[in-house]
Amino acid sequence: MDIQEKIKAIEEQIENALNEIKSSKSLFELRMRFLGKTGEISALMKNMRDLPPEQRPSLGKVLNSLRQWTEEKFDRLEKGIKELELKKKYADEKIDVTIPGHRYPDGAYHPNTLIRNELVSIFAGMGFEIFEGPEIENDYYNFTALNTPKDHPARDMQDTFYLAEDLLLRTQTSAGQIRVMENKKPPIKILSPGKVYRSDDDATHSPMFSQMEGLVVDKGITLCDLKGMLDEFARKIFGESVKTRLRPSYFPFTEPSVEVDVSCFECGGKGCRLCKGTGWIEVLGAGMVNRRVLEGCGIDPDEYTGFAFGMGIERIAMLKYGINNMKLLFEGDTRFLRQFKG
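All figures in this text were calculated on a predicted structure; none of them were measured in a lab.

1. A short note on the packing of helix 8 (residues 223-238) against helix 10 (residues 313-321)
Any two packed helices are characterised by the angle at which their axes cross and by the distance between the axes. Their axes nearest at 11 Å, the elements helix 8 and helix 10 cross at an angle of 50°. The pairing of helix 8 with helix 10 is recorded here as oblique in orientation. The segment helix 8 lies against helix 10, with Phe233, Ile237 and Phe238 engaging Ile316, Leu319 and Lys320. Looking at side-chain class alone, the contact of helix 8 with helix 10 contains five nonpolar, no polar and one charged residues.

Shown next, in the form of structure tokens:
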């Protein structure tokens, strides 16, 4: 087939193909087939170098005319297709403003958020400032500075999520106490809420949960101050008739240490399923800040004393709202969360 026959065949192919084009994508593919770097017309023009020099000018003129004719055909069709596609797009996206809209239900705060906000409000009213420490801690702040011995079970791999030899996901917000006491002189009155991590998982425990730690350091602070503050906290959270009691316990960073119970707000202390017939419910741990912890932070324990307390936000939420499985707080089930809509 000579060059003229090839040109005529290409023109016929283009005419026939253009009649079948219905979209910009198909037109682009056709354009590449004939006018792209490896297209049929481009290939003909590359083959000109194989011709004798005297034939190249006349053939070049013919091929340029073919290329110009093809481009005009494509451009004309492309303009028409784009106009049609734009009209279709407008039609598809048309909005009838007279059609009644769909009302989406209002959301609700998560129980954890409700409790956290309530606790912050209660303690802020007592003069506490908010401090949020890092969730990735080093061994010093999470254990050593809190008077936790090297052989304490809390340091075990099965209880703590270690990221490196000296780095871990904090197991308690108490680490924030040290950071504050190292950088601030008494009087200190801070509340430290945040997420903590422990290798524990069942109906009442989660590998990740939220704690709220409180710390007060000043001259003349006693266990009576702690008791008075916890009485106010319990009344605000569980009701005016609720009372608190302190039971001896042990924490490395407090001495003396106490477990704090509240009288059962469900049965009034008579004994029920919630309080397991005792009339009391354990809610948090607390105590007077250990002298060693104060000394390690550069605070004179003979001049200053302090108390600290820590509670699980999920536990408070479960008690206050009657939630029997901690996992409900993490599943994101809208049927569960909808119950807390104000």
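2. So, the pattern of salt bridges
Scanning all chains against the criterion turns up 21 salt bridges. Put simply, Glu78 and Lys82 hold a salt bridge, and the shortest N to O gap is 3.5 Å. Of this pair, Glu78 and Lys82 both sit in helix 4 (residues 56-92), four residues apart, roughly one helical turn. You can call Glu78 partly exposed: its relative accessible area is 26%. For Lys82, a relative accessible area of 47% corresponds to the partly exposed category. Measuring nitrogen to oxygen at the nearest pair gives 2.9 Å for the salt bridge that ties Asp261 to Arg245. Here Asp261, found in strand 7 (residues 254-263), pairs with Arg245, found in strand 6 (residues 244-251); they are 16 residues apart in sequence, far enough to count as distant. It is possible to trace a salt-bridge network through shared partners that takes in Arg31, Asp75, Glu78 and Lys82.

Criteria and cut-off values
- Residues numbered from 1 in each chain as written.
- Predicted model: local features only at pLDDT ≥ 70, side-chain atom pairs only at ≥ 80, totals over all residues.
- Heavy atoms only, no water.
- Axes fitted to C-alpha atoms, helices over the stretch in contact; angles between N-to-C directions.
- Helix = DSSP H or I, 4+ residues; strand = E, 2+ residues; numbered from the N terminus.
- Parallel < 35°, antiparallel > 145°, perpendicular 65-115°, else oblique.
- Contact = heavy atoms within 4.5 Å.
- Nonpolar A, V, L, I, M, F, W, Y, C, P; charged D, E, K, R; others polar.
- Salt bridge = Lys/Arg side-chain N within 4 Å of Asp/Glu carboxyl O.
- Buried < 20%, exposed > 50% of the residue type's maximum accessible area, 1.4 Å probe, protein only.

Function cannot be inferred from these measures alone, as they are strictly geometric.
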